[in-house]
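These are the residues of each chain, in order.
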Amino acid sequence: MSGKDVLAQHFEEHRPHLRAVAYRMLGSLSEAEDAVQEAWLKLSRSDASSVENLGGWLTTVVGRVCLDMLRSRTTRREDPLHDQDGQVRVPDPIVSRAEGLDPEQEMLLADSVGIALMVVLETLAPAERLAFVLHDLFAVPFDEIAPVLGRTAPTTRQLASRARRRVQGAAPAPEPDRARLREVVDAFLAASRGGDFDALVAVLAPEVVARSDGGTLRPTLVRRGAADVASQAITFARFAEAARPVLVNGTPGAVSMAEGRALSVMAFTVREGRITALDILTDPERLAYLELGLVLDD
């Protein structure tokens with residue numbers, strides 16, 4: 001086996017971890033793949049024999065690549081995860097069968113990175129996001145993150161602390177009782193199918209926020225409050241009628257299918273038995289990339 005083959009083999013061992021880092025940084029599965037591939041190109045052109053900790057080196061390389069991608073989005077004003085009004089759009093969901101995750105998905109979601117967390121990460125400045133993701137989610141020391149940002153270690157610590165406060169305030173840890181969460185989601189879908197406004201309001205938190213992301217042709221639609229969200233759910237009851245149970249980023253959600261084609265992915269954030277956030281992806285292009293028919297194929 002040649003030296004390059006050995007290097008490629010070592011890189012593949014780290015690929016799942018690198019995809020997890022890039023997904024949290026970018027909120028896009030396709031862009032995460034691009035970032036990981038860029039890391040491989042950088043590795044293949046480097047003198048790897050001088051690298052003592054390959055995993056750590058690759059993690060910071062992927063972080064740097066993702067940081068450049070985030071900054072480029074801002075410069076071009078073509079951020080694919082924000083609409084033209086600045087609303088945060090729905091990040092790419094990781095969809096799996098209702099009975100559980102496969103090993104690759106478990107790696108991607110190793111720290112319970114739910115859609116609620118991903119939405120908050122989209123609101124952070126690129127430097128804040130990098131400091132928080134690398135340190136809080138992957139335990140990279142601040143003195144290793146600081147050179148990537150061109151900052152001092154104390155400044156990098158402050159960036160992560162500021163991001164942490166925003167995350168803790170807006171995206172607390174998911175509730176662990178998956179069966180209870182499924183009951184809440186099923187109650188919402190049943191009420192939507194039946195057009196039962198009162199039952200919908202009962203399962204929604206008063207301050208619930210619903211986002212529907214239809215892509216470039218149908219910009220993000222945001223609804224707030226139980227009454228408004230319930231009315232919208234009844235209007236779009238066809239999604240509930242075609243819904244199939246799945247896990248979305250490791251928690252109960254639903255995929256609506258028609259004639260083998262995905263119509264939507266619904267992700268739910270539940271607190272104390274009520275839905276506090278509903279994130280719906282209906283963008284045909286992004287749904288096609290997820291290949292949900294293969295995920296749900298019996």
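Above this note sits the structure.
Draft legend 1. Region of the structure containing helix α7 (residues 142-149). The set of residues buried in α7 consists of F142, I145, A146, V148 and L149. One side of α7 carries all its buried residues, which in axial view fall inside an arc of 160°. Along α7, the residues that are exposed and aim more than 90 degrees away from the buried face are D143 and P147. Positive phi appears at G150, one or two residues downstream of α7, with a value of about 70°.

Draft legend 2. Examining the packing of aromatic side chains more closely. Across all of its chains, the model carries 3 aromatic pairs by this definition. Each ring, one from F11 and one from W40, has its centre 5.3 Å from the other, and the planes form 50°; the classification is tilted. Of this pair, F11 sits in helix α1 (residues 3-26) while W40 sits in helix α2 (residues 29-44), placing them 29 residues apart in sequence. For W40, a relative accessible area of 14% corresponds to the buried category. In this arrangement the basic side chain of R238 is found over the ring face of F239, its NZ or CZ atom lying 4.6 Å from the centre.

Draft legend 3. Fine view of the side chain of D92. Topologically, D92 is positioned in the loop between α3 (54-76) and β1 (95-97). One polar contact links the side chain of D92 to the main-chain amide nitrogen of L29, over a distance of 2.8 Å. Setting aside chain neighbours within four positions, we find D92 in contact with Y23, G27, S28, L29, S30, I115, N249 and R286.

Draft legend 4. How the structure looks around the packing of α7 against helix α8 (residues 153-170). Between α7 and α8, whose axes approach to 8 Å, the crossing angle comes to 95°. Judged on the interaxial angle alone, α8 and α7 are roughly perpendicular. On the side of α7, the interface is formed by F142, D143, I145, A146 and L149, while α8 contributes A153, T156, R157, L159, A160 and R164. When the residues that make up the contact of α7 with α8 are grouped by side-chain class, the tally is 7 nonpolar, 1 polar and 3 charged.

Draft legend 5. Spatial organisation of the pattern of salt bridges. Using the criterion set out here, one finds 13 salt bridges in the structure. Between R182 and D186 there is a salt bridge, with the nearest N and O atoms lying 3.7 Å from each other. With R182 and D186 both in helix α9 (residues 178-194) and 4 residues apart, the pair spans about one turn of that helix. Ionic pairing is found between R223 and D228, a salt bridge with its closest N-O pair at 3.5 Å. One salt-bridge network, held together by shared partners, links D92, D213 and R286.

Cut-offs used in this document
Residues numbered from 1 in each chain as written. Predicted model: local features only at pLDDT ≥ 70, side-chain atom pairs only at ≥ 80, totals over all residues. Heavy atoms only, no water. Buried < 20%, exposed > 50% of the residue type's maximum accessible area, 1.4 Å probe, protein only. Helix = DSSP H or I, 4+ residues; strand = E, 2+ residues; numbered from the N terminus. Arc of directions from axis to C-beta. Phe/Tyr/Trp six-rings, centres within 6.5 Å; stacked < 30°, edge-to-face > 60°. Lys NZ or Arg CZ within 6 Å of the ring centre and 35° of its normal. Polar contact = N/O pair within 3.5 Å; in protein donor to acceptor, adjacent residues only side chain to side chain. Contact = heavy atoms within 4.5 Å. Axes fitted to C-alpha atoms, helices over the stretch in contact; angles between N-to-C directions. Parallel < 35°, antiparallel > 145°, perpendicular 65-115°, else oblique. Nonpolar A, V, L, I, M, F, W, Y, C, P; charged D, E, K, R; others polar. Salt bridge = Lys/Arg side-chain N within 4 Å of Asp/Glu carboxyl O.

Everything listed here is a matter of coordinates, which is why it stays silent on function.
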